[in-house]
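What follows is the residue order along each chain.
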Amino acid sequence: MTGLEVSARLHERDVQVAVEVPAGAVLAVLGPNGAGKSSLLDVVAGLAVPDEGYVRLDGRALTDTSKRLAVPPHQRGVSLLAQDALLFPHLSVEANVAFGPRSRGMRGKAAVALAREWLRAVEAEDLANRSPDSLSGGQAQRVALARALAVHPRVLLLDEPMAALDVTAAPAMRALLRKVLRPHGADAAFADARPTATILVTHDIIDAVTLADRVVVIESGRVIESGSVTEVLARPRSRFAARIAGVNLILGTAVAGDSAGLGAVTDGRAEVFGRAEDEWTPGGDAAAVFSPAAVAVHRDHPEGSPRNVFRVTVSELEDHGGIVRVRAMDGPGAAAGLAADLTPAAVARLGVAPGMRVYFAVKATEVDVYAY
């Protein structure tokens, strides 16, 4: 296979993962803190040697425990961009970017010229003579990206590179990364420097949507779902993926719906009815997904048409840009962690507050059910 292949087991960290990144592709890695995302990056970079496993790039082994092979980090052609720029404080911006090429044997003038080219590419040429401690967070990350790319890495590892940036710097950095990872038209100059494979660790769904081709979700040291960005966000199979995608998810077993075109999912406590686009076969693993905007909130049990009604305890209210997200308490049961979106006026009218018991209602036509 061309691209990156990783299979690794680290006993002490209780991590066992396997991922593939086709040549030229960007893989987004999602998961809660402590899930094993950084361990994956460490293995690829050669900073950690797995107890069992391998790392292959375009068919060449960088790590292979069966052969006791572990190529040193500086010989792998891997660059890492973390949420902290980690620039050398005693070097100028220009010298920071030139450091990598010089360490690989490039002569001083040529390395400086290359550094200038990359600073120009990331729109930071005017920062060349400044010291790292005089830069803003966004400026420092631009310089760090130029430094990472100046060595023309075959693999680029991005460890939440926008996490420490403010709301104005993060979109600019994301746009710059898109130019590098998705070069076209006026950005074609980046094509020659595009890495063979890129792994992006992020908690921001916007990063995945705008930069990645595929997504894997890691929880408790295991890959629990993977697929294209569209597949994972539209049909998540984990609560973490559902939460980051901004949808409600109920996991359980497929059971028969009571009318044509409807299927149902049960977790043993409640049944959730929804539209089944594919042929619906009871008995297998299944999920129901629906938008918080489709959920109505009632103080008393609703009358009329809603097929799906859940009795929940309100956990918190979240501001979502003029919409209030009412989130139910997490825990066992089909209603665990569900959310409903209300206007501020509706919240005030209902008097919704943390700790209150309310009903969430959603029509079956607003729910999609699917097997997995």
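Residues numbered from 1 in each chain as written. Predicted model: local features only at pLDDT ≥ 70, side-chain atom pairs only at ≥ 80, totals over all residues. Heavy atoms only, no water.

Student: Would you explain the packing of aromatic side chains in this entry?
Tutor: Geometry of an aromatic ring pair is reported as the spacing of the ring centres plus the angle between the planes. Summed over all chains, the structure comprises one aromatic pair. We note Arg147 situated over the ring of Phe88; from NZ or CZ to the ring centre the distance is 5.0 Å. Just above the ring of Phe273 sits the side chain of Arg307; from NZ or CZ to the centre is 5.2 Å. (Phe/Tyr/Trp six-rings, centres within 6.5 Å; stacked < 30°, edge-to-face > 60°. Lys NZ or Arg CZ within 6 Å of the ring centre and 35° of its normal.)

Student: Is there a simple way to explain the sheet that holds strand 17 (residues 308-319) in this structure?
Tutor: Consider a sheet: its strands pair through backbone hydrogen bonds, and that pairing is either parallel or antiparallel. Pairing within the open sheet is antiparallel, and its five strands lie in the order 16-20-17-18-19. The open sheet is flanked by strand 16 (296-298) and strand 19 (339-342), the only strands paired with a single partner. Here the strands of the sheet are splayed against their neighbours by 45° on average, with no regard to which way each runs. Summarising the sheet, strand 17 and strand 20 (residues 357-362) pair through six bridges and their orientation is antiparallel. Residue Val312 lies in a different strand from strand 20, and its bridge partner there is Val358. (Pairing = 2+ DSSP bridges. Helix = DSSP H or I, 4+ residues; strand = E, 2+ residues; numbered from the N terminus. Axes fitted to C-alpha atoms, helices over the stretch in contact; angles between N-to-C directions.)

Student: What is the right way to read the pattern of salt bridges from this model?
Tutor: Working definition: two side chains of opposite charge can pair if their charged atoms are close together. Across all of its chains, the model carries 17 salt bridges by this definition. Among the ionic pairs, Asp213 bridges to Arg182, the shortest N-O distance being 2.6 Å. Taken together, the residues Asp213 in the loop between helix 6 (205-211) and strand 10 (214-219) and Arg182 in the loop between helix 5 (169-181) and strand 9 (197-201) connect sequence positions 31 residues apart. According to the relative accessible area criterion, Asp213 is partly exposed, its value standing at 32%. (Salt bridge = Lys/Arg side-chain N within 4 Å of Asp/Glu carboxyl O. Buried < 20%, exposed > 50% of the residue type's maximum accessible area, 1.4 Å probe, protein only.)

Student: Which parts of the structure should I look at to understand the side chain of Arg142?
Tutor: Structurally, Arg142 is set in helix 4 (residues 137-149). Among the polar contacts listed, one links the side chain of Arg142 to the backbone oxygen of Val122, at a separation of 2.7 Å. If we skip the residues at most four places from it in the chain, Arg142 touches Val122, Glu123, Ala172, Met173 and Leu176. (Polar contact = N/O pair within 3.5 Å; in protein donor to acceptor, adjacent residues only side chain to side chain. Contact = heavy atoms within 4.5 Å.)

Student: Just to check I follow, could you spell out the nonpolar core for this structure?
Tutor: Soluble globular proteins: nonpolar side chains tend toward being buried together. The biggest cluster of nonpolar side chains holds 52 residues, and the ones touching the most others in it are Val97, Trp118, Leu119, Val143, Leu145, Met173 and Val215. Other than its neighbours up to four places away in sequence, Val215 contacts Leu27, Ala28, Leu30, Ala208, Glu225, Ser226, Gly227, Val229 and Val232. In this structure, Val295, Ala346, Val358 and Val362 belong to the second largest nonpolar core, which totals 32 residues. (Core = buried A, V, L, I, M, F, W, Y, C linked by side-chain atoms within 4.5 Å.)

Student: I'm lost on the environment of Thr281 in this one. Help?
Tutor: Here Thr281 shows up in the loop between strand 14 (271-276) and strand 15 (285-290). C-alpha separation for the pair Thr281 and Val255, spaced 26 residues apart in sequence, amounts to 7.6 Å.

Student: Would you explain the sheet that holds strand 14 in this entry?
Tutor: The strand order 12-13-14-21-15 describes a closed barrel built from five strands, whose pairing is mixed. Pairs of neighbouring strands in the sheet enclose a mean axial angle of 55°, with direction left out of account. Sheet topology note: the strand 12 (residues 248-256)/strand 13 (residues 262-266) ladder contains four bridges and is antiparallel. Residue pairing in the sheet places Val255 in a bridge with Ala264 of strand 13.

Student: Got a minute to help me understand unusual backbone geometry in this structure?
Tutor: What is expected of a backbone is that most residues other than glycine have negative phi and most peptide bonds are trans. At Asp58, a position not held by glycine, the phi torsion is positive, near 50°. Examined against the element boundaries, Asp58 turns out to sit in the loop between strand 4 (52-57) and strand 5 (60-64). The backbone phi angle of Glu160 is positive, close to 50°, even though this residue is not glycine. Within the fold, Glu160 resides in the loop between strand 8 (155-159) and helix 5.

Student: What is the right way to read the pairing of strand 5 from this model?
Tutor: If a strand is regular, its side chains alternate between the two faces of the sheet. With four bridges connecting them, strand 4 and strand 5 associate as antiparallel partners. Within strand 5, the residue paired with Val55 across the bridge is Thr63. Between strand 4 and the antiparallel strand that follows it, strand 5, lie two residues; Asp58 among them carries a positive phi value of about 50°. Note: strand 5 against strand 6 (residues 69-70), two bridges, orientation antiparallel. Of the residues in strand 6, the one forming a bridge with Asp64 is Leu69. Counted along the chain from strand 5 to the antiparallel partner strand 6, the turn is four residues long, and its residue Arg68 has a positive phi close to 55°.

Student: Any chance you could explain helix 3 (residues 108-121) here in plain terms?
Tutor: Spacing of three or four residues puts side chains on the same side of an α-helix, whose turn is 3.6 residues. With 14 residues, helix 3 should reach 20 Å at 1.5 Å per residue; the first-to-last C-alpha distance of 20 Å fits that figure. Every buried residue of helix 3 is listed here: Ala111, Leu114, Ala115, Trp118 and Leu119. For helix 3, the angular spread of buried residues about the axis comes to 140°, placing them on one side. On its buried side, helix 3 packs onto helix 2 (93-103) and helix 4. (Expected span 1.5 Å × (residues − 1). Arc of directions from axis to C-beta.)

Just geometry here; none of it tells us what the structure is for.
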